[in-house]
Amino acid sequence: MANKLTEKQKVILWQQRRSASYQASCRLEGFSSNETSVNSDDAAARLASLRRQYGL
């Protein structure tokens with residue numbers, strides 16, 4: 001039996017589908033995208049750096 005999605009799961013699924021659709025549309029139009037991927041360690045380090053910089 002399939003379980004129903006929570007509202008948060010629906011939002012995440014919608015965002016993923018919208019992003020994939022937008023990227024496919026851009027490829028069809030001939031635009032190239034330079035996707036950057038950031039892992040969680042780099043993001044956490046950057047966030048800590050910004051918090052120190054702005055005194056948060």
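Use the structure listed above.
Let me begin by describing the structure that accompanies this report. (Residues numbered from 1 in each chain as written. Predicted model: local features only at pLDDT ≥ 70, side-chain atom pairs only at ≥ 80, totals over all residues. Heavy atoms only, no water.)

1. Here's the deal with the overall build of the protein
Reasoning step 1: Looking only at helices and strands, the protein features two helices and zero strands.
Reasoning step 2: By the compact-globule yardstick of 10 Å for 56 residues, the protein is too spread out, its C-alpha radius of gyration being 17 Å.
Reasoning step 3: With the C-alpha coordinates of the protein rotated into their principal frame, the extents come out at 45 × 40 × 15 Å.
Reasoning step 4: The buried share of the protein, taken over its 56 residues, is 2%.
Reasoning step 5: Summed over its atoms, the accessible surface of the protein is roughly 5700 Å², and 53% of this surface lies on carbon and sulfur atoms.
Reasoning step 6: Between the mean site of the 9 positive side-chain charges and the mean site of the 5 negative ones, the protein shows a separation of 8 Å. (Helix = DSSP H or I, 4+ residues; strand = E, 2+ residues; numbered from the N terminus. Rg over C-alpha atoms; globule rule 2.2 N^0.38 Å. Buried < 20%, exposed > 50% of the residue type's maximum accessible area, 1.4 Å probe, protein only. Areas by Shrake-Rupley, 256 points an atom, 1.4 Å probe, with all protein chains shown as cover. Lys, Arg positive; Asp, Glu negative; His and termini not counted. Charge placed at Lys NZ, Arg CZ, Asp CG, Glu CD.)

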